[in-house]
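Architecture at a glance
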Amino acid sequence: MTKPERIPLISLILAALLPAAAAASCGDPATPIHRIQSDGTRSPLAGQTVTVEGIVTRDAREPGGFNGFYLQQADHETDNNPATSEALFIYTRKKTGKPGQRLRVTGTVKEFHGLTELVAVRNLKVCGTAPLPEPIEVRLPWPEAPEHLENMRVRFSQPLTIIDHYNLARYGELTLASSDQVTPTEYLPPGAKAAARSQRNQLHRVLLDDGKSQRQPNPVPWLNNLAGDAPLRAGDRVTQLEGVLDFRFSQWRLQPSVMPRFQRNNPRPDAPPAPARDHVRVMALNLQNFFNGNGRGNGFPTPRGAESPRQLEVQALRLRSAILQARPDILAVSELENDGYGPDSAIAQLAETLGAPWAFIRTPGQDGSDAIRTALLYRADRMVPAGPPHRLGSGPFRQQGRPPLAQAFRPATGGAAVQVVVPHLKSKSCRQASGQDTDRQDGQGCYSHRRSEEAGELIRWLDSLPAPDRLAGTLITGDLNSYAMEAPVQRFRQAGYHSQVHRFHPCGPETCAYHSYRYRGEKGSLDYSLADRNLQPRVRHAQTWNINADEARALAYNQRSALSGPQPWRASDHNPVITDIHLGNN
C-alpha cells in the first residue's frame, strides 16, 4: 500500500486564500445572478458560496431598513430568458456601495421565506459606477406569479387602485390592484367559483411599501400625499410607480425609487339629502364598540372600545356628526356596550350625545350575555313606539349571541307603523370554531352554519310576533356579517325579506357602487336593509353612506393619527345603511 502524499501546510493556506483573492478582483469570472435565481421558486445553489457582480439599485441599510441592498445584473449581462430574475437581495450591514455603483460580492445563497438572497457576506468591493438597469414594464393583473422579476427594477405602466390600507399605520403598506375588488360572495353563490375568484383577487395585487421594517412608522407614510385636506381613501389611484419588486411576508411589494403620485378617484361623499317630509328615515350603524367606561369618566381602557376618555370623546363626536348629518328618525345600532339602561350606560350617553329629541328603547334583562348588544334609538319628536319591544331569546340566542331587537314605530303625527328589527349575527372570526362552524373553503368564512341558524330563528320569531294596528311592514336592518349571496342572506330572501340597497344599487364583479365594509382588500355589504313584501313598495330609497369603510384605519378614534373635531369620517369601520320609507297612503 502506498503512503498518501502529505500536502504542505503553506499550500493549504494558499488554497484557502485564493478564492477570496479571486473574489476581490473586479471583472474576473463570477456566478451570473440568473443562474442563482434560476427559473424556479427556489435557488438550485442554496447553501453554496458564490461571487456575483452587479449594480446596486436600491440601498435598504438605513436605520429601520432591511439591513441590505438590491443588486442587479447590468442590462448587457442578462441571459435574455424572461423566466429568470437578474437581481438579488444582499443581506449585510457592511456599508460599502451605493445605488449606481457596481459591486463585487461574495456570500452564501439562502432562501429566506421565499426571498432569494446572499447572506454571510465576506467580501464587498466597489468596481466603479454604472447606469442603473432599465426598469421592466409590468401590469396588473399578473399573468403569472412574478417570481422572474424578484428584486428587479420594475415600472407599472398603468394607474393602480388602492384597495386596502389596513396596515398603513402599522407597517407603512398600501395594497394596490388594477381595479377595485369585490368580495366574490357578494355576487356569486358560495362554492368553488367564489373561492377561486377570491384566490385570484389575492394573487393579482402588489403592496406599496415604505421600505422600512419598523412598526408604527411616524409619520404615517402616503396618508396625506393627496392635494387638499382630505387623506387618501380606498378607491383612489396611484401612478408613477417605479422601484424594486420585493417579496416579504408572503407578499409581492414595490419598494419605490421615486415618489408615487396619488390621485383622488373616490372623493368623500356628501350626506344623503333629506327625504320628503312625509317619509321616515331609518339608519343602521355598527358603532365599532361604543363603550363608555363606568359612565363617569373612569373605567378605561374599556374591554373592546376606547382606551381613554379622550378616545371616547373623539368616538362620540364622530358618531354624533355622522348620525345627525344623515338625519334619521330611527337609529338601529350594533356593537353597543351591554351595560343596561341607567344614566351611566353607553346607550344613555349616546342618546345624550345626539341631543334632546333622542330617546331609546329599553329591554331590561333580555339583552343577552355578550359584551355588546343591538339597540334602537329614535327621535321622540317625530316617532313614537307602537306596542312593546321584543327581544329574541330562543334557539341560538338562548345562551349566546346578540339577541335581535324588534320595535314598531309610527309617526308622531299618526299613520301606519313600521316594525324595525336590528340583528347582529355571529362574526366570521374563526375563534373557537369547530364542526359545522369551521371554514368550509366556500367563501363564507367561519360560523356560516350558525349565522344561517340565527337567520332561520329570527324569521320564525318574527312570524310569531303580534302585529300592531296598521302595520305597513317589517324592516330588518343591521349587521348580518354575511355577503349578499351567502346562505344567511339567501335564507332571508327566501322568506320574503329582500335587500333594498341591492334593489336600488345592484352589485357585480367589476362594479359595486355601494358597500358597507372592506376586508383584506375586498369590498361588499355586511349591513342590510331587508324589507318584507308588504313594506317593499313603501321603500322609496336605500343606500350606504361611504364615510367609514374606505377611510384609512389610521384615522380611527383609537389610532395615533385620529382625526380631531366633529366630523363623520371613520366614525366606525362599517358604512351606515339608510332607508327612506313612505308611511302615508300609497
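Residues numbered from 1 in each chain as written. Predicted model: local features only at pLDDT ≥ 70, side-chain atom pairs only at ≥ 80, totals over all residues. Heavy atoms only, no water.

**A short note on the overall build of the protein**
Note the threshold: Strands here are runs of E lasting at least two residues and helices are runs of H or I lasting at least four, both read from the DSSP assignment and numbered beginning at the N terminus. We call a residue buried when its accessible area falls under 20% of the maximum for its residue type, exposed when it is over 50%, and partly exposed in between, using a 1.4 Å probe and counting protein chains only. Contact between two residues is taken to exist if any of their heavy atoms lie within 4.5 Å; hydrogens are not considered. Here the open area of atoms and residues is found with the Shrake-Rupley method and a 1.4 Å probe, where only the protein chains shown may cover a residue.
Within the protein, the secondary structure is distributed over 9 helices and 30 strands. If one aligns the C-alpha atoms of the protein with their principal axes, the spans along those axes are about 110 × 50 × 45 Å. Considering the protein as a whole, with its 586 residues, one finds that 56% of them fall into the buried category. If you take every contact in the protein between residues at least 6 apart in sequence, the share linking residues at least 24 apart comes to 72%. For the protein, the computed accessible surface area is about 25,100 Å², with 50% contributed by carbon and sulfur atoms.

**Details of the sheet that holds strand β2 (residues 68–72)**
Picture the strands of a sheet paired through backbone hydrogen bonds; they go either parallel or antiparallel. Operational definition: At least two DSSP bridges between two strands are needed for those strands to be called paired. For helices, the fitted line uses only the C-alpha atoms of the stretch in contact; every axis is such a line through C-alpha atoms, and the angle between N-to-C directions lies from 0 to 180 degrees.
Read once around its circumference, the closed barrel built from 5 strands follows the order β1-β2-β3-β5-β4, with strand pairing classed as mixed. Put simply, the sheet's adjacent strands are angled 50° from each other on average, direction ignored. Note that strand β3 (residues 87–91) and strand β5 (residues 115–129) share 2 bridges and pair parallel. Bridging across to β5, Phe89 finds its partner in Glu117.

**Concerning helix α7 (residues 448–464)**
Think of an α-helix as turning once every 3.6 residues; residues three or four places apart then point the same way. Cut-off, in case you're wondering: Here, expected helix span is obtained from the residue count minus one, scaled by 1.5 Å.
For α7, spanning 17 residues, the distance from its first C-alpha to its last is 25 Å, which sits close to the expected 24 Å at 1.5 Å a residue. Of all 17 residues in α7, 12 are buried, a share of seventy percent or more. Looking only at α7, the buried set comprises Ser448, Arg450, Arg451, Ser452, Glu454, Ala455, Gly456, Glu457, Leu458, Ile459, Trp461 and Leu462. At its buried positions, α7 is contacted by β21 (390–391), β22 (405–411), β23 (417–422), β24 (471–479) and α8 (487–494).

**Comments concerning the pattern of salt bridges**
Test applied: Counted as salt bridges are all cases of a side-chain nitrogen of Lys or Arg within 4 Å of a carboxyl oxygen of Asp or Glu.
Summed over the entire model, instances satisfying the criterion amount to 30 salt bridges. Between Asp367 and Arg391 there is a salt bridge whose closest N-O contact spans 2.9 Å. Here Asp367, found in the loop between β18 (358–360) and β19 (372–379), pairs with Arg391, found in strand β21; they are 24 residues apart in sequence, far enough to count as distant. Accessibility expressed as a relative area gives 6% for Asp367, which makes it buried. Each of Glu53, Glu77, Arg102 and Arg104 takes part in one network of salt bridges that share partners.

**Side note on the pairing of strand β11 (residues 206–209)**
The two faces of β11 match: Val206 and Leu208 on one face and Leu207 and Asp209 on the other face are all buried. Alignment of strand β9 (residues 173–177) against β11, held across 4 bridges, turns out to be antiparallel. Across the sheet, Leu176 pairs through a bridge with Val206, a residue of β11. In this structure, β11 lies alongside strand β14 (residues 251–256), joined through 2 bridges in parallel fashion.

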